[in-house]
Structures are given as structure tokens and as C-alpha cells.
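Coordinates in review
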Amino acid sequence: MEISKAKGHSAMFGAELMWGAGAPIGKLILAGGVGPMLLTDCRMIGAAVLFWLVSLFVPSEKVYPRDMLSLFFASLLGIVINQCCFIAGLGLTSPINASIITTSMPIVTMVLAAVVLKEPITGMKLGGVFAGALGALILIAGSGSAGSEGSWLGDLLIIAAQCSFACYLVFYKSLISQYSVITLMKWMFTYASILVIPFTYTQWSMVDMYSLPTNILWSLVFFVVGPTFLSYLLLPMGQRNLRPTVTAMYNYVQPVVATAIAFAVTMGRFTISNAVAVALVFTGVFLVTKSKSHAEMSELGQGQSS
């Protein structure tokens, strides 16, 4: 495996590991009195501050005006619409519905990459995407912690969140390769904060942060540093070294991590169906990784014609 691809896989696995671990921590924070949109504010503002602080210790980069506009729309798709729609949708539908719908993101990404980037939908790639989706669904179905009742509006918002992130992965792959991770993320989270704060600032007066329990405050710190700052630090590394469909496939790692944490906390029993599900997820990622890209297909066609 090429070093660049190895870096990409390691970065995406690390990002999804953080996001998967963030799910139970996020539930703890919400149950502790911090509202969904306030939590989103803390993530965006906290990450923006951290990326700007880190940027003081790395060489500065000039961002061209046209790319500043692109970063604005990248932030809109990859952060604002994705996170706001997901949290709003989760408030209207059930966690089980939301989890099932999130498995659609790699499928949407695969279709978009085929249309926009001319990436071929090979049998191996198709099989890998659906193997991963099946594994994720088996894990979700096995967790009986939430009911299945939801609303069509909530489900629609969750779908919008997945589509926005898929668009971000496909449309901004070239932009991600032009600047350092720190430069990209400090501007994207700055834009995200500016866009969200006007709609949520009134909620800050409704919560007394000083009265929150210590464990909630430390969980909030972890949520900002881990599943936000570190995950979005790793995400562009994966984007620039992997194809969009491969990057999106790592979305299926999240339910694996969440299930593992649930077993560790509750000392639950790891069943055969869990093992099959995990095997399907990683088999799916492997198959999509091994499927041929557009460039490899072109080279193969040229080799056969010569």
C-alpha cells in the first residue's frame, strides 16, 4: 500500500473512531442540560478557537479570494448543514431511524462521485458499499436501546445531513489538496460559527454553564477537542489521499465503535451477529479500497488498446 493511502486510511479510521466515541458522550451532555443547538455552537466556536490557536505555531498561508468563497460553501455543506440538520432531525425522529439513514451516505457519495468525478461504479465497489451498509444495519438492529417511531420531517432532515456531507466530500476534494489542514479548518469553522451564532445566541442566556456538573463540563471539553477538533483535523488528510467513496465508507466504522463502547460499559455479550456485522463492515471498506479508480480504469483501457 502506498504511504499516502496508508496515511489516508489511518486518518479516516482515527476520525471515525472519535465520532463513534462521541455518540455516547454527546448523549450524556444533552441529558445534563446542554441543548442540542448550544452543543453545536460549542463545537463550532471551540474548534474555530483551537484551529486559530494552532495556526499561530505553523507557517501562515495566503488564501486566494476565490478560494475563500469556496471555503465558505465547503463549510456550509460539510459543517453547518450537516450538523444542524442532523441534530434537528434527531430531535424529531428516533435514534434508530437516524442511525439507519446515516448508512445511506456512502451510497450517495458513490453516485455523486460517478456523476461529478466520473468514478466508475464497479461490481467490487457496489458490493463493498452494500456489504458495509448491511453490517452497519445489523449492528443498529441489534441495539434495542431505542424505539423505531419517528417523523417524516425528522427523517428528511437526517437525509439532508447525509447528502450535504456527501456533496462536501465530492465537490471539494480538489480544494482540500491546495492548502494545509489547519488553514482549511480554521476558516471553515470560523464561517460555521458566524453562520450559526445569530440563530442560537439566545440559548446561551438560558443555560448557566457554571452550574453544570463537573462531569458534563469535562465531557463538553472532550466533545470539542476529540470528535470535533481532532476528527476534522484528520478528515482532510483522508480526503486528499483517498477517493470520496472510500472516505465515505469509513462512516460505517461509527456504529462498530459505538457498539464496542456499549459492550465495554455495560459488559454486554458479544454475539455471533455482532461479529458478522463487524466483518461485513471491514470487508466492505476493503472491497471499496481495492476497486479501481477512474485513472486506473483509463490506464487499463490504454494498455489493452496499445
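The shown structure was predicted, so the numbers you read here are calculated from the model rather than taken from an experiment.

The rules behind each value
Going along each chain's sequence as written, the residues are numbered from 1 onward. The predicted nature of this model means local features are confined to residues of pLDDT at least 70 and side-chain atom pairs, given and counted, to a pLDDT of 80 or more, with totals for whole chains, interfaces and linings taken over all residues. To obtain the side-chain values, all non-hydrogen atoms of the structure were included, while hydrogens and water were left out. Helix numbers and strand numbers start at the N terminus; a helix is a DSSP run of H or I with at least 4 residues, a strand a run of E with at least 2. Here, residues are in contact when the closest pair of their heavy atoms is within 4.5 Å. Here a pair means two rings of Phe, Tyr or Trp (six-membered ring of Trp) with centres within 6.5 Å. Their orientation is stacked below 30 degrees between planes, edge-to-face above 60, and tilted elsewhere. Any residue under 20% of the maximum accessible area for its type is buried, any over 50% is exposed, and the rest in between are partly exposed; the area is computed with a 1.4 Å probe on protein chains only. Here the nonpolar core consists of buried residues drawn from Ala, Val, Leu, Ile, Met, Phe, Trp, Tyr and Cys, with membership extended through side-chain atoms lying within 4.5 Å. To obtain each axis, a line is fitted to C-alpha atoms, and for helices this fit is confined to the stretch in contact; angles are then taken between N-to-C directions over 0 to 180 degrees. For any helix crossing, the convention is left-handed if the near helix is rotated counterclockwise from the far helix by under a right angle, and right-handed if that rotation is clockwise. Residue type decides the class: Asp, Glu, Lys and Arg count as charged, Ala, Val, Leu, Ile, Met, Phe, Trp, Tyr, Cys and Pro as nonpolar, and the leftover types, Gly among them, as polar. The labels follow the angle: roughly parallel below 35 degrees, roughly antiparallel above 145, roughly perpendicular from 65 to 115, and oblique for the rest.

**Here we look at the side chain of serine 55**
You can see serine 55 is positioned in helix α2 (residues 36-55). Leave out the neighbours within four places in its chain, and serine 55 touches Ile182 and Lys186.

**What about the packing of aromatic side chains?**
Summed over the entire model, instances satisfying the criterion amount to 10 aromatic pairs. Ring geometry for phenylalanine 51 and phenylalanine 229: centres 4.6 Å apart, planes at 50°, overall tilted. Of the two residues, phenylalanine 51 sits in helix α2 while phenylalanine 229 sits in helix α10 (residues 214-241), which places them 178 residues apart along the sequence. Both rings, one in tryptophan 52 and one in tryptophan 187, keep their centres 5.2 Å apart while their planes meet at 75°; by these two values the pair is edge-to-face. On the criterion of sequence distance, the pair formed by tryptophan 52 in helix α2 and tryptophan 187 in helix α9 (residues 181-204) is long-range, its members being 135 residues apart. With relative accessibility at 32%, the residue tryptophan 52 sits in the partly exposed group. Residue classification places tryptophan 187 among the partly exposed residues on the basis of a relative accessible area of 23%. Joined through ring pairs, the aromatic side chains of Trp19, Phe51, Phe189, Phe229 and Tyr232 make up one cluster.

**Side note on the nonpolar core**
Counting 57 residues, the largest nonpolar core has Phe51, Leu71, Tyr168, Met185, Phe189 and Tyr232 as the members making the most contacts within it. Here the element with the most residues in this core is α9; it accounts for 9 residues. Ile29, Val207, Leu220 and Val224 belong to the second largest nonpolar core, which has 11 residues in total.

**So, the packing of α2 against α9**
Following both chains from N to C, one finds α2 and α9 inclined at 145°, their axes separated by 8 Å at the closest point. In the packing of α2 onto α9, the handedness of the crossing is left-handed. In the contact of α2 with α9, the residues fall into 18 nonpolar, 5 polar and 3 charged.

**Thoughts on the packing of helix α1 (residues 3-31) against α2**
Remark: α1 packs on α2, axes separated minimally by 11 Å, with the N-to-C direction vectors making an angle of 130°. By the angle between their directions, the pair α1 and α2 is classed as oblique. The handedness of the crossing between α1 and α2 is right-handed. Residues Trp19, Gly26, Ile29 and Leu30 of α1 lie in contact with α2, whose contacting residues are Pro36, Leu39 and Arg43.

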